[in-house]
Amino acid sequence: MKRMAKVKMGLNNLTATELVEKGRGHVESCTGDPDLTLPANFLTELATACDALEAANIEVSANGGRQDTFTRAVRVRDVLQLVRMLANLVQAQFGGDGEKILRTGFDLHKAPQPVGILDAPQELRAQRGVLDGEVRLRWKGVRGRLGYVLEMNAGDPNAPEDWKQLAQTGKNYYTATGLESDKVYAFRVRAFSSAGTGVLSDVASSKAA
């Protein structure tokens, strides 16, 4: 199934001058586009708003008064509103065609990259807890994970049948409770994502408090 192309507005952290240039760029790119249908006089309105913002920005640079600054903020809002409206119109009409979106002067959001098989969590540490029957666990986080599955072994760590699931957690730490005091327990952890479970960590062992 083909992924729908998505318009990237590109409006974050623009100065007033950059916003004027961006708005005018869209006017130039969209003018005469045979596949794009816009409301009557829309591009003229955007061009006029850019001119007004440029003039307001010049006034702030020359005088820097409170009223001039307020007026520039209003003009910035006007241009932002029109560019967002244009982005929505382009998305509605060209959402399935990245080349047509690019033709209007907008960029595309990058497609998310599949994470693949998750790495094993590193540096799993098991430490005797503070309260009776506790073991505290901590490990390094794994990029791209949704959470972790913890397993515990109260018998022989080399016997696969002795490993039991202890918990699922979204954190990279956990406190095992209700264990037998002074008994040694082994632990291991693996990350999981929408693609499945990852590689098991090394085993860490500790006596319970």
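Up top is the structure these notes are about.
Since the model is a prediction, treat every value here as computed from it, not as a measurement. (Residues numbered from 1 in each chain as written. Predicted model: local features only at pLDDT ≥ 70, side-chain atom pairs only at ≥ 80, totals over all residues. Heavy atoms only, no water.)

A. Representation of helix 3 (residues 66-94) within the structure. Compared with an ideal rise of 1.5 Å per residue, which puts 29 residues at 42 Å, helix 3 spans 42 Å between its outermost C-alpha atoms and is within 8% of the ideal. Within helix 3, burial applies to Val74, Val79, Leu80, Leu82, Val83, Leu86, Ala87, Val90 and Phe94. Where helix 3 is buried, its residues contact strand 1 (7-8), helix 1 (16-30), helix 2 (42-62) and helix 4 (98-103). (Helix = DSSP H or I, 4+ residues; strand = E, 2+ residues; numbered from the N terminus. Expected span 1.5 Å × (residues − 1). Buried < 20%, exposed > 50% of the residue type's maximum accessible area, 1.4 Å probe, protein only. Contact = heavy atoms within 4.5 Å.)

B. Structural view of the state of the cysteines. The final tally for this structure, using the stated rule, is 0 disulfides. The thiol of cysteine 30 is unpaired, and the distance to the nearest cysteine sulfur, on cysteine 50, comes to 12 Å. (Disulfide = S-S within 2.5 Å.)

C. Structural context of the packing of helix 1 against helix 2. The N-to-C vectors of helix 1 and helix 2 enclose an angle of 160°; their axes lie 9 Å apart at closest approach. Between helix 1 and helix 2, the crossing angle belongs to the class labelled roughly antiparallel. Like other packed secondary-structure pairs, helix 1 and helix 2 cross with a definite hand, here left-handed. Judged by residue contacts, Ala16, Thr17, Leu19, Val20, Gly23, Arg24, His26, Val27 and Cys30 of helix 1 engage Leu43, Leu46, Ala47, Cys50, Asp51, Leu53, Glu54 and Asn57 from helix 2. (Axes fitted to C-alpha atoms, helices over the stretch in contact; angles between N-to-C directions. Parallel < 35°, antiparallel > 145°, perpendicular 65-115°, else oblique. Left-handed = near helix turned anticlockwise from the far one by under 90°.)

D. Expanded view of the side chain of glutamate 151. By secondary structure assignment, the location of glutamate 151 is in strand 5 (residues 147-153). A polar contact is formed between the side chain of glutamate 151 and the side chain of arginine 188, at a distance of 2.7 Å. Excluding its chain neighbours within four sequence positions, the residues that come into contact with glutamate 151 are Trp163, Lys164, Gln165, Leu166, Ala186, Phe187, Arg188, Arg190 and Leu200. (Polar contact = N/O pair within 3.5 Å; in protein donor to acceptor, adjacent residues only side chain to side chain.)

E. The pattern of salt bridges, seen in detail. The tally for this structure, following the rule as stated, stands at 11 salt bridges. Between aspartate 78 and arginine 75 there is a salt bridge, with the nearest N and O atoms lying 3.8 Å from each other. In this pair, aspartate 78 and arginine 75 both sit in helix 3, 3 residues apart, roughly one turn of the helix. The partly exposed category is assigned to aspartate 78, whose relative accessible area is 24%. For arginine 75, a relative accessible area of 29% corresponds to the partly exposed category. With its nearest N and O atoms 3.5 Å apart, the salt bridge here joins aspartate 78 to arginine 77. The network of salt bridges with common partners includes Asp33, Asp35, Lys100 and Arg103. (Salt bridge = Lys/Arg side-chain N within 4 Å of Asp/Glu carboxyl O.)

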